[in-house]
Amino acid sequence: MNPIQQTDPALWQALCDEQERQESTLELIASENHVSPAVLAAAATPLTNKYAEGYPGKRYYGGCQFVDVVENLARDRAKKLFGCAHVNVQPHSGSQANQAVFLAVLQPGDPILGLHLDHGGHLTHGKSVNLSGKWFQAFHYRVDPKTERIDMAEVRRLAREIKPKLIITGASAYPRIWDFTAFAEIAHEVGAVQMADIAHFAGLVATGLHPSPIPHAEFITTTTHKTLRGPRSGLAMCGAEWAKKLDSAVFPGLQGGPLMHIIAAKAAAFGEALQPEFKVYARQILGNAQALAEELQRRGYRLVSGGTDNHLMLIDLRAKDPNLTGAAVESWLQTAGIIVNKNMIPFDTRKPLETSGIRLGTPALTTRGLREPEMKNVAAWLDRGASSGGQAAALNKIRGEVAEFARQFPLPHLQCRAAGAPGEPIAGERNMAPFSKVPSEA
Ligand SMILES: *Cc1c(COP(=O)(O)O)cnc(C)c1O
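Conventions and cut-offs
Residues numbered from 1 in each chain as written. Predicted model: local features only at pLDDT ≥ 70, side-chain atom pairs only at ≥ 80, totals over all residues. Heavy atoms only, no water. Axes fitted to C-alpha atoms, helices over the stretch in contact; angles between N-to-C directions. Helix = DSSP H or I, 4+ residues; strand = E, 2+ residues; numbered from the N terminus. Left-handed = near helix turned anticlockwise from the far one by under 90°. Contact = heavy atoms within 4.5 Å. Nonpolar A, V, L, I, M, F, W, Y, C, P; charged D, E, K, R; others polar. pLDDT = per-residue confidence, 0-100. Phe/Tyr/Trp six-rings, centres within 6.5 Å; stacked < 30°, edge-to-face > 60°. Buried < 20%, exposed > 50% of the residue type's maximum accessible area, 1.4 Å probe, protein only. Lys NZ or Arg CZ within 6 Å of the ring centre and 35° of its normal. Core = buried A, V, L, I, M, F, W, Y, C linked by side-chain atoms within 4.5 Å. Domains from an automatic or database assignment. 1 Å grid on protein atoms, 1.4 Å probe; cavity = no way out; pocket = protein on both sides within 12 Å on 5 of 7 lines; lining within 4 Å. Points joined across faces, edges and corners; volume = space filled by probe spheres on them. Near = heavy atom within 4 Å. Polar contact = N/O pair within 3.5 Å; in protein donor to acceptor, adjacent residues only side chain to side chain. Areas by Shrake-Rupley, 256 points an atom, 1.4 Å probe, with all protein chains shown as cover.

S.K.: Would you mind going over the packing of helix H4 (residues 65-82) against helix H11 (residues 260-273) with me for this structure?
M.R.: To characterise two packed helices, one gives the angle between the axes of the helices and the distance between these axes. It is the contact of H4 with H11, at a shortest axis distance of 8 Å, that shows an interaxial angle of 35°. The crossing of H4 and H11 is left-handed. Note on element contacts: H11 touches H4 through Met260, Ile263, Ala264, Ala267, Ala268, Phe270, Gly271 and Ala273, opposite Val67, Val70, Glu71, Leu73, Ala74, Arg77, Ala78 and Leu81. Along the lines of polarity and charge, the residues of the contact of H4 with H11 split into 13 nonpolar, one polar and two charged.

S.K.: Looking at this model, I keep getting lost on the confidence of the model for the protein. Mind explaining?
M.R.: Reading fine detail from the predicted coordinates is not recommended where pLDDT is low. With 95% of its residues at a pLDDT of 70 or more, the protein has an overall mean of 94. Segment residues 418-431: pLDDT under 50, and 15 contacts once partners within four positions in sequence are set aside and those in other chains are kept.

S.K.: Can you walk me through the packing of aromatic side chains in this structure?
M.R.: Each aromatic ring pair is described using two quantities: the centre-to-centre distance and the angle formed by the ring planes. Overall, the coordinates contain 10 aromatic pairs when judged by the stated rule. Ring centres of Phe102 and Phe136 lie 5.6 Å apart, and the angle between their planes is 65°; this geometry places the pair in the edge-to-face category. Taken together, the positions of Phe102 in helix H5 (residues 94-105) and Phe136 in the loop between helix H6 (131-134) and strand E6 (137-141) put the pair 34 residues apart, joining distant regions of the chain. Judged by its relative accessible area of 2%, Phe102 is buried. Measuring from centroid to centroid gives 5.8 Å for Trp178 and Phe183, while their planes differ by 40°, and the two rings are tilted. By the burial criterion, Trp178 is buried, and Phe183 matches it. By way of ring pairs, the aromatic residues Tyr141, Tyr174, Trp178 and Phe183 are connected into one cluster. Here the guanidinium or amino end of Arg229 rests over the ring plane of Tyr281, the centre of that ring lying 4.1 Å away.

S.K.: When you look at the nonpolar core in this model, what are you seeing that I'm missing?
M.R.: One recurring pattern in soluble globular proteins is that nonpolar side chains are buried together. Phe82, Tyr141, Ile150, Ile167, Trp178 and Ile198 are the most contacted members of the largest nonpolar core, which has 59 residues in total. With nine residues, H11 is the largest single contributor of residues to this core. Two domains share this core, each providing at least three of its residues, namely domain 1 (40-273) and domain 2 (277-411). If sequence neighbours within four positions are ignored, Tyr141 has contacts with Leu113, Gly114, Leu115, His116, Ile150, Glu154, Val155, Leu158, Ile168, Thr169, Trp178 and Phe183.

S.K.: Please explain the layout of surface pockets as it appears in this structure.
M.R.: When its volume is computed, the second largest pocket comes out at roughly 380 Å³. Forming the boundary of the second largest pocket are 18 residues, of which Leu117, Asn341, Lys342, Asn343 and Met344 lie nearest the centre. Considering each element in turn, the lining of the second largest pocket owes the most residues, three residues, to strand E14 (residues 341-343). Looking at which domains feed residues into the lining of the second largest pocket, each of domain 1 (40-273) and domain 2 (277-411) gives three or more.

S.K.: What is the right way to read the site of the ligand from this model?
M.R.: Surveying the vicinity of the ligand reveals 13 residues, the closest of which are Gly94, Ser95, Ser172, Asp197 and Lys226. Here an oxygen atom of the ligand sits 2.8 Å away from a polar atom, N or O, in the side chain of Lys226. Taking 380 Å² as the accessible area of the ligand by itself, protein coverage stands at 85%. The residue inventory of the shell around the ligand, partitioned by class, reads two nonpolar, nine polar and two charged.

Spelled out as structure tokens, the structure:
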């Protein structure tokens with residue numbers, strides 16, 4: 001029996017409900033994934049008890065000899081995974097990894113340049129409500145209205161005009177490849193430093209399926225929980241020349257004690273990502289995204305930029321029906337057991353809480369073992385849900401079909417299941433895609 005079940009029934013119930021929700025629905029939020037049992041187990045260890053301010057070998061607390069081993073494993077694996085000279089595995093999240101870079105290279109009021117939030121950028125890339133927009137003078141480049149791809153001529157023009165100290169590349173809702181080399185040329189011309197925020201597609205970079213920003217960007221930041229399939233956390237990387245500045249920005253600049261249990265989970269995830277099976281997984285993410293994109297286009301949906309090169313796509317709902325909003329479709333699909341998020345599309349005329357688009361991604365479904373043929377089922381349900389007009393009967397019918405289908409692709413860590421031992425597939429269920437065994441390093 002799980003100890004929470006014995007000591008805290010209210011919390012246990014909520015935890016079980018969430019696991020049941022995850023298992024019975026289809027997760028298409030592009031920034032989410034399902035971690036392996038090893039990653040989950042590492043996060044639930046007594047390493048959460050340990051204070052370890054400082055870095056391996058230079059701590060401000062006693063008793064750090066074993067957490068040092070853990071942090072060194074995480075660091076060495078991340079270095080190998082990305083081919084980077086220096087890594088810092090302590091940022092608690094992607095946002096904090098970005099803040100660490102700001103602290104390392106910027107002064108308050110400095111000009112910065114990043115992709116506009118409404119065109120796929122992230123809050124931490126200079127949005128007015130975010131620290132990055134309040135403490136720095138933020139400017140934004142956009143996508144070209146025709147191609148819906150980043151307008152490099154505008155990037156160059158803005159960079160020459162505003163002379164940013166920092167140029168931010170990377171995004172949360174951009175379905176195309178980033179040209180880090182072209183950005184580096186512009187950055188060098190105007191004396192800026194490039195920070196490549198690869199939060200969404202880090203798993204694709206690690207497997208060579210998206211060009212690496214190394215050595216073109218001085219700093220690389222990422223979350224560890226999206227395509228990289230680790231615990232909810234962050235990672236910051238740089239060349240040797242910036243190592244000291246980056247480390248002192250993370251600690252003591254921004255954070256106190258690192259989350260050693262989460263660093264252990266990062267070590268586990270990086271270990272898995274180094275195995276050949278992870279490349280197979282990453283390729284399947286792309287294959288599934290292509291299959292889903294094609295099927296949705298066949299059904300009359302317009303994809304921003306006409307398709308996708310990565311794990312995500314932005315659907316412009318107006319081509320299907322000018323009255324459809326992202327907010328309505330998100331809520332209808334949730335009733336149907338399909339989890340997506342409403343998203344602004346470039347040059348959207350609707351507000352952020354309404355939107356004309358939804359964003360879809362395949363990392364989580366790919367982890368569950370879905371492949372190209374199943375993307376057709378997913379597209380069909382998406383289409384039925386979006387065309388339902390919100391009618392309860394239609395949505396409930398889809399909900400039943402989705403739940404039955406989803407249960408054939410069990411999650412690795414279900415602890416609340418009525419039948420079978422925790423995590424054990426129920427008889428007749430398909431086994432989920434296996435996670436890799438991480439061999440000990442020599
Ligand atoms: C998700 C994301 C982040 C933020 O990550 P958190 O861990 O939620 O703070 C930063 N940048 C980009 C581009 C992202 O997509």
